[in-house]
Amino acid sequence: AKIKAGAVAAKLRNPHAELAAARSESAVNQARAAVDLARARLREGAFSAEARILGLRKSEADLQQAKRELAESERKLADQEKLFAAGGVAEEAMRDGRFSLASSRYKVEQMERSLAIERIGLRDEDLTAAGYPRPRTDAERLSALVDLATATLRAEVSAAEAQLDAASKEAE
């Protein structure tokens, strides 16, 4: 039988080529999934950084309140000391007042230590050390701090995108 011009005479299969194509497609799909995962982690990281900053602001407000309470305890104890000297307050009340003041001082000291730990990575000097310009507004500061806190995650996104690009080129 004669074969007409342009007609398919035979179909050849190359299992090695088909396998290589399937592997390339799989690599592209895995790379896409890695990009999606990296982007999701970056979003979560940004949310986490913002939550950490808001938590820091709350801790700062709590410390200010504790300092006001400490000042009030100091004022009350000074008044009690005067009354005690005049015989108007019992010694037990004085011990309670002194203990309360010492507890308030300890609470403020502990809050200051905790706040110093919470501030790590969120200070202006951390921004400067990482090469960020000093922010002029609260919005710029928030943006720079979130950017700083998510730098590693952004690098992971870039690496995943580069792997996707390489896998796509290899699949062509």
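Before reading further, recall that the structure is shown in the block above.
The following refers to the structure shown.

What counts and how
- Residues numbered from 1 in each chain as written.
- Predicted model: local features only at pLDDT ≥ 70, side-chain atom pairs only at ≥ 80, totals over all residues.
- Heavy atoms only, no water.
- Helix = DSSP H or I, 4+ residues; strand = E, 2+ residues; numbered from the N terminus.
- Buried < 20%, exposed > 50% of the residue type's maximum accessible area, 1.4 Å probe, protein only.
- Contact = heavy atoms within 4.5 Å.
- Axes fitted to C-alpha atoms, helices over the stretch in contact; angles between N-to-C directions.
- Parallel < 35°, antiparallel > 145°, perpendicular 65-115°, else oblique.
- Left-handed = near helix turned anticlockwise from the far one by under 90°.
- Expected span 1.5 Å × (residues − 1).
- Core = buried A, V, L, I, M, F, W, Y, C linked by side-chain atoms within 4.5 Å.
- Nonpolar A, V, L, I, M, F, W, Y, C, P; charged D, E, K, R; others polar.
- Salt bridge = Lys/Arg side-chain N within 4 Å of Asp/Glu carboxyl O.
- Arc of directions from axis to C-beta.

A closer look at the overall build of the protein
If you tally the helices and strands in the protein, you get five helices and zero strands. Listing the helices and strands of the protein from first to last along the sequence gives α-α-α-α-α. By its C-alpha atoms, the protein is 130 × 35 × 20 Å across when sized along the principal axes. Relative to its 172 residues, the protein shows a buried fraction of 22%. Excluding contacts between residues fewer than 6 apart, the proportion of contacts in the protein whose partners are at least 24 apart in sequence is 67%.

Section: the packing of helix 1 (residues 15-85) against helix 4 (residues 138-149)
Relative placement of two packed helices is described by the angle separating their axes and the distance separating the axes. Between helix 1 and helix 4, the least distance of the axes is 9 Å, while the angle of their chain directions is 125°. Regarding the angle of helix 1 to helix 4, the classification is oblique. In terms of crossing hand, the pair formed by helix 1 and helix 4 is right-handed. Contact residues: Ala46, Ala49, Glu50 and Ile53 in helix 1; Leu142, Leu145, Val146 and Ala149 in helix 4.

Quick notes on helix 4
Helix length check: helix 4 (12 residues) gives 16 Å between terminal C-alpha atoms against 16 Å at 1.5 Å per residue, within 8%. Of all the positions in helix 4, only Ala144, Leu145 and Val146 are classed as buried. Against the buried residues of helix 4 lie helix 1 and helix 3 (124-129).

Some details on the side chain of Ser59
Tracing the backbone shows Ser59 in helix 1. Non-local contacts of Ser59, meaning those with residues more than four positions away in its chain, are made with Leu115 and Glu118.

Concerning the nonpolar core
With 19 residues, the main nonpolar core has Ile53, Val108, Leu122, Leu127, Leu145 and Val146 as its most contacted residues. Those elements that provide at least two residues to this core are helix 1, helix 2 (91-119) and helix 4. Not counting chain neighbours up to four residues away, the residues in contact with Leu127 comprise Tyr132, Pro135, Ala144, Leu145 and Leu148. Counting residues in each nonpolar core, the second largest holds eight residues, with Val28, Val35, Leu164 and Ala167 among its members.

Some points on the packing of helix 1 against helix 5 (residues 151-171)
Where helix 1 meets helix 5, the axes come as close as 8 Å, and the angle between the chain directions of the two elements is 165°. Viewed along their axes, helix 1 and helix 5 adopt a mutual orientation that is roughly antiparallel. In this structure, the crossing between helix 1 and helix 5 has a hand that is left-handed. Residue-level contacts link Ser24, Ala27, Val28, Ala31, Arg32, Ala34, Val35, Ala38, Arg39, Arg41, Leu42 and Gly45 of helix 1 to Leu153, Arg154, Glu156, Val157, Ala160, Glu161, Gln163, Leu164, Ala167, Ser168, Glu170 and Ala171 of helix 5. Each residue belonging to the contact of helix 1 with helix 5 can be placed in one class, and the counts come to 13 nonpolar, four polar and seven charged.

Comments concerning the pattern of salt bridges
Under the definition given, this model contains 19 salt bridges. One salt bridge connects Glu18 with Arg13, and the closest N-O pair in it is separated by 3.0 Å. Residue classification places Glu18 among the partly exposed positions, given a relative accessible area of 38%. Look at Arg13 and you get exposed, because its relative accessible area is 65%.

Section: helix 5
Taking 1.5 Å per residue, 21 residues should reach 30 Å; helix 5 reaches 30 Å between its end C-alpha atoms and fits that length. When we look at burial in helix 5, the residues that qualify are Leu153, Val157, Ala160, Leu164 and Ala167. Taken down its axis, helix 5 places every buried residue within 90° of arc, on the same side. Exposed side of helix 5, more than 90 degrees from the buried face: Thr152, Lys169 and Glu170 are the residues found there. On the buried face of helix 5, the contacting elements are helix 1.

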